[in-house]
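Structural features, examined
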Amino acid sequence: MESYGKFAQVYDLFMDNVDYEAWADYLEECLKSEGIGNGLVAELGCGTGTMTGLLAQKGYDMIGVDNSEEMLAEAAEKKMESGQDILYLLQDMREFELYGTVQAVISVCDSLNYITDREELKQVFCLVNNYLDPGGIFLFDVNTVHKYRDVLGDATIAENREEGSFIWENSYDPDTGLNIYELALFLPREDGLYEKCEELHCQRGYDEDEVRKLLSEAGMEVLGVYDAYTKNPASAESERLFFIAREHGKKESKKEE
């Protein structure tokens, strides 16, 4: 089973509980507080481009990176409808390449939790650090172990709508630290019948100390960690953490006299 195949077609429908506009305002506030009011910003795991488009509306020159052709197809359709000038790249964030450095990199909606190997997550952080301008900012969220283990656990979630239905069977393995959810989609066809599609998603939860360590090893300094999309400090009860990190160590090239 694949991830984000047919689900890409109805992803936005079933994610309408996420207040993307409020999140975009939060990201903008964080960026502006670091002196970034415009310029190049890259989003890792941009999916269908909802956040990419919102930040483009706020005046940022956006680059979206995702490894799902289906999700990027939805993003490209939104881009065409809006007339926005956004560059979308079909790339795996573990080995993404940009054409130069950017002022900021963002990643939202637990995209980084799909990186289930700690060394691979460190590699993502190293790449981010490499492509950030000197002093550039990295904003991202991650789901915590607490969320997967204690909140989702072995839950089954189902939702039925006119545009389609899904059954989400969640399972958390405390030995491996992996959270698996099997997603069964039922999408209506023109003949009145439903097509069943199945997808398998695998994520890993990360706690604050672990992420801090990996960011430091990648050359960045942590400026703040919050209970996601609030100004409340992170706690043991946080289900999603929001990190603000800064590139640390690059030097501006000297201008020729």
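Below, the structure is looked at part by part. (Residues numbered from 1 in each chain as written. Predicted model: local features only at pLDDT ≥ 70, side-chain atom pairs only at ≥ 80, totals over all residues. Heavy atoms only, no water.)

Judged from the 11 bridges that link them, strand β8 (residues 178-188) and strand β9 (residues 194-204) form a sheet pairing that is antiparallel. Counted as the bridge partner of Leu187 is Glu195 from β9. Linkage of β8 to β9, two consecutive antiparallel strands, is achieved through a turn of 5 residues, within which Gly192 is found at a positive phi near 90°. (Pairing = 2+ DSSP bridges. Helix = DSSP H or I, 4+ residues; strand = E, 2+ residues; numbered from the N terminus.)

Positioned with a positive phi, Asp110 is a non-glycine residue whose angle comes to about 50°. The topology assignment puts Asp110 in the loop between β4 (102-107) and α5 (118-131). For Tyr229, which is not glycine, the phi torsion reads 60° and is therefore positive. Mapped onto the elements, Tyr229 comes out in the loop between β10 (220-227) and β11 (240-247).

All right, on to the sheet that holds strand β6 (residues 156-161) then. Within a sheet, each strand pairs with its neighbour through backbone hydrogen bonds, oriented either parallel or antiparallel. Pairing in this open sheet of 4 strands is antiparallel, and the strands run β6-β7-β8-β9 from one edge to the other. In this open sheet, the two edge strands, each paired with only one partner strand, are β6 and β9. Mean inter-strand twist for the sheet, computed between neighbouring axes without regard to direction, equals 15°. Pairing of β6 with strand β7 (residues 164-173), which is carried by 6 bridges, proceeds in the antiparallel orientation. In the sheet register, Glu159 faces β7, and the bridge partner there is Phe166. In the packing of helix α6 (residues 145-152) onto the sheet, the strands contacted are β7, β8 and β9, and the crossing angle to β7 comes to about 105°. (Axes fitted to C-alpha atoms, helices over the stretch in contact; angles between N-to-C directions. Contact = heavy atoms within 4.5 Å.)

This next bit is on helix α2 (residues 20-33). End to end, α2 covers 20 Å across 14 residues, agreeing with the expected 20 Å (1.5 Å per residue, within 8%). Within α2, burial applies to Tyr20, Trp23, Ala24, Tyr26, Leu27, Glu28, Cys30 and Leu31. Two residues or fewer after α2 comes Gly35, characterised by a positive phi angle close to 80°. (Expected span 1.5 Å × (residues − 1). Buried < 20%, exposed > 50% of the residue type's maximum accessible area, 1.4 Å probe, protein only.)

A few words on the sheet that holds strand β3 (residues 87-90). Taken together, the 7 strands give an open sheet; going across it, the order is β3-β2-β1-β4-β5-β11-β10, and neighbouring strands pair in mixed fashion. Pairing within the sheet leaves two strands with one partner each, and these edge strands are β3 and β10. Across the sheet, the mean angle separating the axes of adjacent strands is 15° when strand polarity is ignored. Summarising the sheet, strand β5 (residues 132-143) and β11 pair through 7 bridges and their orientation is antiparallel. From the neighbouring strand, Asp141 faces β11, where its bridge partner is Phe242. Its contacts with the sheet put helix α3 (residues 50-57) on β1 (39-44), β2 (60-66), β3 and β4, and the angle it makes with β2 is roughly 170°.

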